[in-house]
Number of protein chains: 2
Amino acid sequence: MCQLLGMNCNVPTDICFSFTGFSRRGGHTDHHGDGWGIAFFEGHGCRIFRDYLPSAESPIAELVQRYPIKSTNVIAHIRKATQGAVNLANTHPFLRELWGQYWIFAHNGNLEGLPNDFGDYYQPVGSTDSERAFCLILERLRKRFSALPEHAQLCQALREIATELAALGTFNFMLSNGDWLFAHCATHLHYIVRHAPFAQAHLVDDDVTVDFSEVTTPNDRVAVIATQPLTDNECWHKMAPGELICFRDGYPEPVA
Amino acid sequence: MCQLLGMNCNVPTDICFSFTGFSRRGGHTDHHGDGWGIAFFEGHGCRIFRDYLPSAESPIAELVQRYPIKSTNVIAHIRKATQGAVNLANTHPFLRELWGQYWIFAHNGNLEGLPNDFGDYYQPVGSTDSERAFCLILERLRKRFSALPEHAQLCQALREIATELAALGTFNFMLSNGDWLFAHCATHLHYIVRHAPFAQAHLVDDDVTVDFSEVTTPNDRVAVIATQPLTDNECWHKMAPGELICFRDGYPEPVA
C-alpha cells in the first residue's frame, strides 16, 4: 500500500515540516520505495514534482523539503506498487483539466474490476488502477455537469461515485481542484486542524520540532491529512471507513 | 517575446548542458524573467518543472541543471509575458491528455482573435493566448480523430491548424506527445542535429564547453531546437517562417 499526505488551508502555507517526515517513509522509516510525487496548487495553477526514486533518496524530494512553496492545497503520495510498473506514468498524483480547472488525484489502495464506461473525455496514460479510477471520476462528473456545479451538487456526485468505487476494493483517496480538498477513507486516513493558539509539533519519523506559533498568524487554519499521523504530540482524528470529507479553508466538512 | 528550447533524440539523453545556457537567458544574459518551465517525457510519462521566478534565480532551475534527467523529448520555455499575469497557471509548458497520451506545448509569440470553437474537450485554466491556442489544437485533433491517427494524417492536420493560427499573429511553438516533437517557426527557431562523430560544443551564454564524444555512443542522434542558437562553434539551421518540422528519433522531417 501507499501513503497519502494532504494539506488544505485558508492562507498559502508551506508543507516543508510535514513533507520532511512523510518523505522519510519512502524508503527510510517505511518501505514505500516505488516513487513519490507532490502537487501544489498556487491559485488555480498547479505544479507537480514526481520521481520514481524512493523519496528518501530523491534529489527532487530534498529540494521540496527545503524550498518553501506556499500553497493552499497540496496532495502528496509515496508509492508501494500494487498494479502497474514503477515508472513516471504510474507515479501519483495524477492531473487532468475539468471545467477549466486542474484537478489532482492520489490513491492508496487497490481496486479490481473498474467499469469501462469512460474514455469519451478522459483516458489513463499509465497502467494503474488509480489513474483509471481518477479518469472514471472525472468522466462521470463531466458527463453529469457541463460546468462546475453548485458545491452541494458536486459533493453529492462525489459521494455517489466514491461509494460505488469503494465497493471494488480499497479506496483511500484525495482529490483537489485548488479550492477544495476531498479526502475519502477506506482503511487509514487521519487529519488534524491547526489553528490559534498554535503550539509545538514533533515528527514521528524524524527528530524535528517546529513551533507553529512562530510561523503563523492568529487567523491561520491549516488542515493536514495523512495515512498515518505525522506527529507524536498532537491529537489526530481518525477517519471512519467510508467517510468523505471536503476540506475548505482549513475546515473539514463531512459529506453525508 | 519568450524563448523556446526543445530536444528530440533516439536514446534518453540529459539536457543539462543546453539548459544551463538557456536558463541564463531568463534574467541574466537576456530579459525573459517572467517564469520558466521544462517538461521531460520518460516513456509516456511526463514531468514538468515550473517556476514563476526568473530561471537565472530559481532553485528549481538550478536543480534541473545539475540533476541529469534522461529523456527522448524535452520542451522548455522562458517567459516574457505578453498576455496574462505572471503566475503559475500562465507558465509554459502546458499539459493535457489526448488519446491516452500526455501532450506538451510551449509557445513564443502573440496571437489575437483566437477562435472560440473549443471547450467541449479542452479549456484553458490560465489567461494566456498560448494555452488557448494549445486547447484549440487539441480540440481540433480530438474532434477530427477519435484515436491517434496514422502519422501522415496527424502531420497533415497539424499543418492545417498551424497555418490557420499563424495567421493570427506570431506562432513559434513546440508540441510533443513523447514520440514526436513538432516545431513550428513563425519568426525565430533554429535547430542542430548532433551525431557521430561527436565534437566539442561551447555555450553562447556561459563559458562552458562539453565534449559530446565523451558522453555519447556512436548511434546517438540528438536534435536540439531553440529560438536562438545555444552554442557559438556549431552550425545551426535557421527554420523558415511557416516551416513545420516533425522531429523523430533525432531526425527532422519537414511537414509540407
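Now for a quick tour of the structure. (Residues numbered from 1 in each chain as written. Chains lettered and ligands numbered in written order. Predicted model: local features only at pLDDT ≥ 70, side-chain atom pairs only at ≥ 80, totals over all residues. Heavy atoms only, no water.)

## Section: the pattern of salt bridges
Under the criterion given, the structure shown has 28 salt bridges over all chains. Among the ionic contacts, a cluster of salt bridges with common partners joins A:Glu42, A:Arg47 and B:Asp51. (Salt bridge = Lys/Arg side-chain N within 4 Å of Asp/Glu carboxyl O.)

## Concerning the relation of the copies chain A and chain B
For these two chains of identical sequence, chain A goes onto chain B by a turn of 180° and a shift of 0.0 Å along the axis, with RMSD 0.0 Å. Overall, the copies show the geometry of a two-fold rotation axis. Both copies contact each other with a shared surface, as 100% of the interface residues of chain A are interface residues in chain B too. (Least-squares fit on C-alpha atoms with pLDDT ≥ 70 in both. Contact = heavy atoms within 4.5 Å.)

## A closer look at the packing of aromatic side chains
Per the stated rule, a full pass over the model turns up 24 aromatic pairs over all chains. Considering the side-chain rings of A:Phe105 and A:Phe171, the 6.4 Å spacing of their centres and the 40° angle between planes classify their relative orientation as tilted. Residue A:Phe105 is found in strand β6 (residues 101–111), and its partner A:Phe171 is found in strand β7 (residues 169–176); the two are separated by 66 residues along the sequence. In this pair, the class of A:Phe105 matches that of A:Phe171, namely buried. Ring pairing ties together the aromatic residues A:Phe40, A:Phe49, B:Phe40 and B:Phe49, which thus form one cluster. Sitting over the ring of A:Tyr251, A:Arg221 keeps its end group 3.7 Å from the ring centre. (Phe/Tyr/Trp six-rings, centres within 6.5 Å; stacked < 30°, edge-to-face > 60°. Helix = DSSP H or I, 4+ residues; strand = E, 2+ residues; numbered from the N terminus. Buried < 20%, exposed > 50% of the residue type's maximum accessible area, 1.4 Å probe, protein only. Lys NZ or Arg CZ within 6 Å of the ring centre and 35° of its normal.)

## Some details on helix α2 (residues 59–66) of chain A
Along α2(A), the residues that are buried comprise A:Ile60, A:Ala61, A:Leu63 and A:Val64. Each buried residue of α2(A) sits inside an arc of 155° when the element is viewed along its axis, so together they form one side. Summarising the contacts, the buried residues of α2(A) are in contact with α1 (16–24), β2 (36–42) and β3 (45–51) of chain A together with β3 (45–51) and α2 (59–66) of chain B. Where α2(A) begins, the side chain of A:Ser58 points an oxygen toward the backbone nitrogen of A:Ile60, at a separation of 3.1 Å. (Arc of directions from axis to C-beta. Polar contact = N/O pair within 3.5 Å; in protein donor to acceptor, adjacent residues only side chain to side chain.)

Any functional reading would require information beyond the geometric quantities listed.
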